[in-house]
Amino acid sequence: MAVPTETVYGLAADAQNELAVRRIFAVKGRPSTHPLIVHLAQATDCAGWVREFPPEAEALARAFWPGPLTLVLPRGEKATDAVTGGQDTVALRVPAHPLTQELLTRLGGGIAAPSANRFGRVSPTTAGHVRGDLGNDVEFILDGGPCSVGLESTIIDLSHGAPALLRPGGLPKEEIEQLLHRPLALRQTDEVRVPGTLPSHYAPRAGLFLVEPGELTHRAAALVSQGKKVAVLGRSGMPLVAGAVLFVLPDEPGARARELYGTLRKIDEAGFEVIVSSLPAAEGLDLAVRDRLTRAAAPRP
Ligand code: TXA
Ligand code: MG
């Protein structure tokens with residue numbers, strides 16, 4: 001079944017039921033060696049899932065759970081190879097959405113859930129997106145309304161060495177650094193298998209061109225003159241380009257993050273061939289928006 005979280009919708013299975021977990025990989029079309037996040041009702045439920053829960057994990061859990069933060073920790077006996085992709089670590093998160101909170105409390109266990117989209121595509125932020133992507137491959141969708149954060153959780157690796165940022169997300173890195181009183185390391189993507197960090201990911205169907213803000217209108221006009229059906233992903237009040245359609249992302253970073261995926265889907269549904277956009281600053285929630293746009297623009301296999 002698919003479940004709502006505050007970040008994006010997840011494709012859920014009882015994390016200790018190996019058959020159910022394998023079904024997730026089949027439906028998503030995701031390589032089985034790519035690990036899943038285990039969702040729990042509360043931090044105390046981490047017992048058994050992890051071998052150790054270091055003080056920095058305690059501090060982060062106390063400050064930010066339930067919320068858009070995933071912690072990678074040394075795995076415990078409850079974490080199977082099906083969930084961890086055979087790694088010695090497990091990714092854990094306590095989501096904030098009340099429906100999924102209730103489901104977790106009633107289940108009394110962990111729910112393994114990747115984003116409920118086909119592998120490599122944009123994550124769903126409404127029940128309608130999930131149905132549109134996965135069709136009848138998903139039987140039940142718990143409709144919890146539109147996701148309040150709108151992009152995936154921030155992933156922090158606390159399993160070895162200094163805390164490292166594996167994926168920027170719905171919790172700004174600055175808030176984590178402030179709490180830990182130290183900067184986060186940036187882990188190289190080839191050190192650990194994280195599909196969200198493959199160069200091409202979170203991609204709309206339309207090709208995405210990233211340009212400097214001052215180049216936006218010029219580039220869009222050039223693509224229009226080549227006969228392309230062009231969408232401009234920009235700010236309200238920016239100059240319009242004849243023949244291109246402007247899709248506005250809000251000025252406020254929280255709203256921008258919340259609306260990014262839905263807007264990319266709208267552009268796809270309207271049949272645009274190319275999207276022209278610039279990147280927001282590498283700070284706060286915009287770091288995640290920037291990351292997703294960069295990956296969406298990367299060359300595709
Ligand atoms: O907000 C979210 O995190 C959403 C909602 C549904 O909770 N979930 C999500 O799942 O984005 P998914 O599978 O699309 O991305 C999970 C990321 C993947 O990049 C995966 O490789 C990484 O977490 N991950 C899982 N276990 C890991 C581990 N043991 N070590 C490093 N990365 C891990
Ligand atoms: Mg995903």
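Here's what I pulled together on the structure shown here.

**Considerations on the sheet that holds strand 11 (residues 207-210)**
Logical step 1: Taken together, the four strands give an open sheet; going across it, the order is 11-14-12-13, and neighbouring strands pair in parallel fashion. Two strands in the sheet have a free side with no partner beyond their single neighbour: strand 11 and strand 13 (245-248). For this sheet, the mean inter-axis angle between neighbouring strands, taken without regard to orientation, is 25°.
Logical step 2: Here four bridges tie strand 12 (residues 230-234) to strand 13, and the two strands are oriented parallel to one another. By the bridge assignment, G234 is partnered in strand 13 with V248.
Logical step 3: Lying over the sheet, helix 8 (residues 253-269) contacts strand 12, strand 13 and strand 14 (274-277), oriented at roughly 165° with respect to strand 12.

**Some points on the packing of helix 8 against helix 9 (residues 286-297)**
Logical step 1: Their axes nearest at 9 Å, the elements helix 8 and helix 9 cross at an angle of 30°. Classified by the angle their axes make, helix 8 and helix 9 are roughly parallel. Once helix 8 is placed against helix 9, the crossing between them reads as left-handed. Counted together, P253, R256, A257, L260 and Y261 of helix 8 and D286, V289, R292 and L293 of helix 9 form the full contact between these two elements.

**As for the pairing of strand 6 (residues 89-93)**
Logical step 1: Most of strand 6 sits inside the fold, with five of its five residues counted as buried.
Logical step 2: A two-sided burial pattern is seen for strand 6, the buried positions comprising T89, A91 and R93 on one face and V90 and L92 on the other.
Logical step 3: Relative to strand 6, strand 4 (residues 37-39) is paired through three bridges, and the arrangement is parallel. Across the sheet, the residue bridging to V38 is L92, located in strand 6.
Logical step 4: Bridge count between strand 5 (residues 69-74) and strand 6: four bridges; the pairing is antiparallel. For P74, the partnering residue across the bridge sits in strand 6 and is T89.

**A word on the environment of P74**
Logical step 1: One can find P74 in strand 5.
Logical step 2: Along the chain, P74 and R51 lie 23 residues apart, while their C-alpha atoms are 5.6 Å from each other.

Rules and cut-offs
- Residues numbered from 1 in each chain as written.
- Chains lettered and ligands numbered in written order.
- Predicted model: local features only at pLDDT ≥ 70, side-chain atom pairs only at ≥ 80, totals over all residues.
- Heavy atoms only, no water.
- Pairing = 2+ DSSP bridges.
- Helix = DSSP H or I, 4+ residues; strand = E, 2+ residues; numbered from the N terminus.
- Axes fitted to C-alpha atoms, helices over the stretch in contact; angles between N-to-C directions.
- Contact = heavy atoms within 4.5 Å.
- Parallel < 35°, antiparallel > 145°, perpendicular 65-115°, else oblique.
- Left-handed = near helix turned anticlockwise from the far one by under 90°.
- Buried < 20%, exposed > 50% of the residue type's maximum accessible area, 1.4 Å probe, protein only.

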